[in-house]
Amino acid sequence: MLEHIDARHLALRGKLEAAIDEVSPLPRALALDREKRFDRELKARLGELGAFGLGAAPADGGSGGDTVDQVIALEVLGRRATSMAVYCVVSFLVTRMLGSYGSDQQKNAWLAGLLKGKTQGAFCLTESAGGTDILANTRTTATKQGDGWILSGEKTWVSGATDCDLMLVVARTGEHRTRGLTVFVVSPQAAGVRTTRLDTMALNGFASCTATFERVVLQDDAVVGVVNEGLAQIMTALNGERINAAAVVNGVARGALEAALVRAKERQAFGKPIGQFQAVQHRLSSCAIGIEMAWSAVLDAARRDAAGEATDIVSGLAKWASSKAALAATDMGMELMAAAGFLEQEVMQRYFRDARLHVFAPVNNDMVLNLLGERWLGLPRSY
Ligand SMILES: Cc1cc2nc3c(=O)[nH]c(=O)nc-3n(C[C@H](O)[C@H](O)[C@H](O)COP(=O)(O)OP(=O)(O)OC[C@H]3O[C@@H](n4cnc5c(N)ncnc54)[C@H](O)[C@@H]3O)c2cc1C
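Everything quoted here is computed from the prediction, not taken from an experiment.

The domain architecture assigned to the chain consists of domain 1 (7-120), domain 2 (122-229) and domain 3 (231-376). Distance between the C-alpha centres of domain 1 and domain 3: 20 Å. The interface of domain 1 with domain 3 comprises 27 residues on the first partner and 36 residues on the second. Across the domain 1 to domain 3 interface the summed buried area is about 2,500 Å²; carbon plus sulfur atoms make up 64%.

What follows covers helix α13 (residues 365-376). Because each turn of an α-helix spans 3.6 residues, side chains separated by three or four positions in sequence point in the same direction. Helix length check: α13 (12 residues) gives 15 Å between terminal C-alpha atoms against 16 Å at 1.5 Å per residue, within 8%. Buried residues of α13: N365, M367, V368, L371, L372 and G373, and no others. One side-chain oxygen of the residue at the start of α13 lies 2.8 Å from the amide nitrogen of D366, identifying that residue as N364. Downstream of α13 by one or two residues, G378 has phi in the positive range, about 75 degrees.

For the rest of this paragraph, the subject is the side chain of R13. Checked against the element boundaries, R13 lands in helix α1 (residues 7-23). Excluding anything up to four places from it in sequence, R13 contacts M1, E3, I5, I72, E75, V76, R79 and W295.

The next thing to look at is the nonpolar core. Core analysis: the largest hydrophobic core is formed by 64 residues, its most contacted members being L46, V71, M84, L98, F123, L168 and I234. When residues in this core are grouped by element, the largest group, 12 residues, is from helix α5 (residues 82-101). Beyond its immediate sequence surroundings of up to four residues, L46 is in contact with L16, A51, F52, L77 and M84. Among the nonpolar cores identified, the runner-up in size contains 27 residues, and L30, A253, A294 and M334 belong to it.

What follows is about unusual backbone geometry. The omega torsion across A361 and P362 is -5 degrees, close enough to zero to call that bond cis. Assignment of secondary structure puts P362 in the loop between α12 (357-360) and α13. At K36, a residue that is not glycine, the phi angle is positive and equals roughly 55 degrees. Note on placement: K36 falls in the loop between α2 (26-35) and α3 (40-48).

About the cut-offs
Residues numbered from 1 in each chain as written. Predicted model: local features only at pLDDT ≥ 70, side-chain atom pairs only at ≥ 80, totals over all residues. Heavy atoms only, no water. Domains from an automatic or database assignment. Contact = heavy atoms within 4.5 Å. Buried area = accessible area lost by both parts, 1.4 Å probe. Helix = DSSP H or I, 4+ residues; strand = E, 2+ residues; numbered from the N terminus. Expected span 1.5 Å × (residues − 1). Buried < 20%, exposed > 50% of the residue type's maximum accessible area, 1.4 Å probe, protein only. Polar contact = N/O pair within 3.5 Å; in protein donor to acceptor, adjacent residues only side chain to side chain. Core = buried A, V, L, I, M, F, W, Y, C linked by side-chain atoms within 4.5 Å.

Listed below in structure tokens is the structure:
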């Protein structure tokens, strides 16, 4: 990598790479992906190393550091253990929401466990009518009843819901379009909560799920932050999630480039390594440029987030650039591997599948361009 990061961040990167090599080397990681199993051993090791607490204060149970530490860790995970990287993105999102808006009681109950990787959170925003137009499509409701609330509705594409200890659920609590959403902490064990796993083609090591809420009774202390102000709360956290997702998919892109380079140096045709052909070198170099430029954007966004600056523009820019770099690198990688790319024991096919996620999640690239057109370039709103 060409970036300038300090010795502490280099040490963090090296520590995580060594842990993944030790606990979950590539053949094991690929077997888990085939079997669609979550890597519990790796999660435990990462928890011991404090990976899930990066960016959170030691006083809360965190490991210190900031968003830059998070993206350094997520890039490594994206490159070596992509499903775990997405687990970590969800974990950072949930801890950020609770850390920023949770009551003292909620923080005391959940934060330390989440930051140590002993407790797992899920974030329930998307509904089946569509994840992009969240204001129109949030049909899950929470209705005031006495000292509490009745939660009813169905969420989909909730990462990790079948195996979590708490859920942050976004529900409509008021009629006002933008000031009518509230976030609640919900126990997956509460009466009326049901979760099921979806059968997916990628990110196989971290379950994507539906979560149904049938007249779930919540107390007032389940509200995270302020009633009806949920949209503003989640938007800040979602900008952070975009930066983190950008780091993950940048890692996917770099992993694909590294695997392609190994192949380019080893595979022979016409008496020389295929990496000696100019056409192959140009493809590899073009992908490397895209990845480095996108990584600079990720680091810039992370540094701005750590400094408390607005990140609505830079987070989208980093996510768009990194996902495009990953599409290019994984497409090039499959082309360069040729028939070998079809083998399940080769990592390229996993990168090729996993890269797809961040084209549309956590926000789709078309919507990113809409937001950049409006907020960066000053064009009229298009949607
Ligand atoms: C593996 C996985 C994990 C996920 N984890 C979670 C999670 O933990 N929690 C959660 O809440 N959600 C999660 N999601 C959902 C994810 O955030 C949504 O898939 C995403 O927001 C896009 O929503 P959608 O798939 O409904 O696409 P839609 O909203 O149906 O959009 C489809 C397409 O329409 C186009 N489009 C839509 N609007 C516009 C517009 N205004 N301008 C131009 N084009 C537009 C875009 O091309 C877009 O890709 C996950 C999804 C996956 C696949």
